[in-house]
Amino acid sequence: MSNRRSFLKNMTLASGALASGSLLTSCGSEERFAKIKAAANHQPEMHFNMSGYAAPALDTVRIGIVGIGDRGAGAVERMTFIDGVEITALCDKRQAAVDGGQKILQEAGLPKAAEFTNSETAFKEMCQSDLVDLVYVVTSWEWHIPIALEAMENDKHTAVEVSTARTIEECWQIVETSERTKKHCVILENCCYDFFELLTLNMVRQGVFGDLIHGEGAYIHNLDYWMLREPEDDKMVDGAYTDFWRIKENKRHANVYPTHGLGPICQAMNINRGDKMEYLTAMMSDDFNFSKNIKKLAKENPVFEQFKDWDLRGNMDIQLIRTHKGRTIMLQHDVTSPRPYSRIHMLSGTKCFAQKWPLKHIAFGHDVADADKMKELEEKYTPEILKRVGEMAKKVGGHGGMDFIMDWRLIDCLRNGLPMDMDVYDAASWSSITSLSEWSIANKSNSIDVPDFTRGAWKTNKPVDMSLAGGGTTGVRNINREKSGKQLSAE
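Quick caveat: nothing in here was measured; it's all calculated off a predicted structure.

A.B. asks: How would you summarise the overall build of the protein if you had to cite specific residues and measurements?
C.D. replies: A tally of helices and strands in the protein yields 17 helices and 14 strands. Computed over the C-alpha atoms, the radius of gyration of the protein is 21 Å, within 12% of the 23 Å expected from 2.2 N^0.38 for a compact globule of 491 residues. C-alpha atoms of the protein, sized along the principal axes, occupy 55 × 55 × 55 Å. Taken over 491 residues, the protein has a buried fraction of 62%.

Spelled out as structure tokens, the structure:
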């Protein structure tokens, strides 16, 4: 019991450091790496298994959205198209952002939402109110877990943008809190709902791939335009990161954004639902240009002086992961090299191979499927969710429609009392890669175990149900309405 109290005390101290933005300076490197190792070996008792848990159905889902910037504005707009949703609260420390969110609601013909603003902790009042059922978190990363915990502790479900957690301690915090409160903590991994990823997932489910052997995923996306752009706080959408938070996160020598590439692979491999990630090894290149670009920019704009001497993460980092069933996963992350966008998304099985970038193709041997074969595969294996809302999602938008499919599915599950496709164990295990990669990179690519956040329940947890059984009842409204919001484009 004393060890448990000590661990929880350390978690509280860690979350305090996170809230103050001092994760990288609150303790020395050796102490920080020791904490990663200790947290990775932590095995608390399970309160309740949230995998497959169906919370009581909500006919109407009242949403409070926290963080109404570039990404959050898109979330507000997308939710205006979904039946059974009431956007009852908007929260941001910037009044201009909240005002912009209200304008989106007005243009959609929806009632004005309650406002929580002008403070970094305004979300607390919103979570403690009786105005919302779901807290949708679209803030900078340091606030993800404080807001999610506040929501669950106040009897609210929460859905949190990626990466959900920044430390292993935070991962355990959301797991234990979700289990204790029986409130969902959903990771908003939109890439799991992209069209090709869903197609190949259904093909895996139907046995087309045979046994999966290997998967590769990535987030390769040059973000210089957004990271090296001065924020304009008087605007809702400015194409920049408020307070330069993304530069600050890249001070960490780790894969700080692992879930876009990892999430779809984990679903295909039934990670946490029949298999689990066992251990990881990682390495990182030097920084060949990001610091140079900042130094050059600092000569023109003094606001960047604060970053010019920072030891920033390298261009490319790579992780190799082995699963309990002997499968392998490779992840890549690079946001500062001048390269075309890619998430790779590659699945290799004993019978079939698929890869999305640089060319989308499927193969059953040396030769890739031609256009006629691809059409045949799409007609046969397109899952029900794409048949139901795929074309409407393209009209609404959000990274080609996958953002809307994610939101629609989240709401449909809550309205029909269905289990979540992406539960708190996914949020924790996918996010844990950041800290684990940080430890391995600092220790000459030595391996480190991936925590089992399900504590053995992965052996009996059921795979994600793709059939829409018991759901699929949520409608889409005003589909032809002209949209006004904007968000970062990935494709």
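A.B. asks: So what's going on with the packing of aromatic side chains? Which residues, and what values?
C.D. replies: Scanning the entire structure with this criterion turns up 13 aromatic pairs. Between tyrosine 219 and tyrosine 341, the aromatic rings sit 6.2 Å apart at their centres with planes inclined by 90°, giving edge-to-face as the arrangement. With a gap of 122 residues between them, tyrosine 219 in strand S7 (residues 212-220) and tyrosine 341 in the loop between strand S10 (328-334) and strand S11 (346-349) connect regions that are remote in the sequence. For tyrosine 219, a relative accessible area of 6% puts it in the buried group. The exposure class of tyrosine 341 is buried, given its relative accessible area of 16%. Each ring, one from tyrosine 341 and one from tryptophan 357, has its centre 5.6 Å from the other, and the planes form 70°; the classification is edge-to-face. Note that tyrosine 341 is positioned in the loop between S10 and S11 and tryptophan 357 in the loop between strand S12 (353-355) and strand S13 (361-363), a separation of 16 residues in sequence.

A.B. asks: So what about helix H3 (residues 70-79)? Which residues, and what values?
C.D. replies: For an α-helix, the turn length of 3.6 residues means that residues three or four places apart are oriented alike. In terms of residue burial, H3 counts as a mostly covered element, since ten of its ten residues are buried. Three or more residues of H3 are buried, namely Asp70, Arg71, Gly72, Ala73, Gly74, Ala75, Val76, Glu77, Arg78 and Met79. Here the buried face of H3 lies against strand S1 (61-66), strand S2 (85-92), helix H4 (95-107), strand S4 (134-137), helix H14 (384-396) and helix H15 (402-416).

A.B. asks: Pulling in residues and values, what's your account of the environment of glycine 210?
C.D. replies: Within the secondary structure, glycine 210 is located in the loop between helix H8 (195-205) and S7. In sequence terms glycine 210 and cysteine 352 are 142 residues apart; their C-alpha atoms lie 7.1 Å from each other. Leaving out residues up to four positions away in the same chain, glycine 210 has contacts with Thr350 and Lys351.

A.B. asks: Can you lay out helix H7 (residues 168-181) for me, pointing to particular residues and giving the numbers?
C.D. replies: Between its terminal C-alpha atoms H7 stretches 20 Å, which fits the 20 Å expected from 14 residues at 1.5 Å a residue. Counting buried residues in H7 gives twelve out of 14 residues, a clear majority hidden from the surface. The first or second residue beyond H7 is lysine 182, which carries a positive phi of 55°.

A.B. asks: Account for the sheet that holds S12, naming residues and giving values.
C.D. replies: Think of a sheet as strands paired side by side through backbone hydrogen bonds, with each pair either parallel or antiparallel. Spatially, S13-S12-S11-S7-S10-S9-S8-S14 is the arrangement adopted by the eight strands of the open sheet, whose pairing is mixed. Looking along the sheet, the strands with just one partner apiece sit at the ends: S13 and strand S14 (448-449). Of the strand pairs in this sheet, S12 and S13 are connected by three bridges, and their pairing is antiparallel. In the strand pairing of S13, glutamine 355 is matched with histidine 361.

A.B. asks: Kindly report on the sheet that holds S2, identifying the contributing residues and their values.
C.D. replies: With respect to topology, six strands assemble into an open sheet ordered S3-S2-S1-S4-S5-S6, the strand pairing being parallel. Each edge of the open sheet carries a strand with a single partner, namely strand S3 (114-117) and strand S6 (185-187). With direction set aside, neighbouring strand axes in the sheet form an average angle of 20°. Of the strand pairs in this sheet, S2 and S3 are connected by four bridges, and their pairing is parallel. Bridge pairing links alanine 89 to alanine 114 in S3.

A.B. asks: Run through the pattern of salt bridges, naming residues and quoting values.
C.D. replies: Think of it this way: side chains of opposite charge can pair up when their charged atoms draw near. Inspection of every chain in the model, using the stated rule, returns 32 salt bridges. Between aspartate 155 and lysine 183 there is a salt bridge, and its shortest N-O distance comes to 3.3 Å. Highlighted residues: aspartate 155 in the loop between helix H6 (144-153) and strand S5 (157-160) and lysine 183 in the loop between H7 and S6, separated in sequence by 28 residues. Residue lysine 276 is joined to glutamate 278 by a salt bridge in which the shortest nitrogen-to-oxygen separation is 2.5 Å. The class of lysine 276 is buried, set by a relative accessible area of 14%. Because the salt bridges share partners, they merge into one network encompassing Arg71, Arg78, Glu161, Asp403 and Asp407.

A.B. asks: Break down unusual backbone geometry for me, citing the residues and quoting the values.
C.D. replies: Generally, phi is negative for residues other than glycine and the peptide bonds are trans, each holding for most cases. Cis geometry is found at the peptide bond from valine 162 to serine 163, where omega equals -20°. In this fold, serine 163 is placed in the loop between S5 and H7. Positive phi, close to 55°, is recorded for phenylalanine 244, a residue that is not glycine. Here phenylalanine 244 shows up in the loop between helix H9 (224-227) and helix H10 (245-249). With phi around 55°, histidine 399 is a residue other than glycine that occupies positive phi space.

Quick notes on the rules
- Residues numbered from 1 in each chain as written.
- Predicted model: local features only at pLDDT ≥ 70, side-chain atom pairs only at ≥ 80, totals over all residues.
- Heavy atoms only, no water.
- Helix = DSSP H or I, 4+ residues; strand = E, 2+ residues; numbered from the N terminus.
- Rg over C-alpha atoms; globule rule 2.2 N^0.38 Å.
- Buried < 20%, exposed > 50% of the residue type's maximum accessible area, 1.4 Å probe, protein only.
- Phe/Tyr/Trp six-rings, centres within 6.5 Å; stacked < 30°, edge-to-face > 60°.
- Contact = heavy atoms within 4.5 Å.
- Expected span 1.5 Å × (residues − 1).
- Pairing = 2+ DSSP bridges.
- Axes fitted to C-alpha atoms, helices over the stretch in contact; angles between N-to-C directions.
- Salt bridge = Lys/Arg side-chain N within 4 Å of Asp/Glu carboxyl O.

What is shown is where atoms sit, not what they do.
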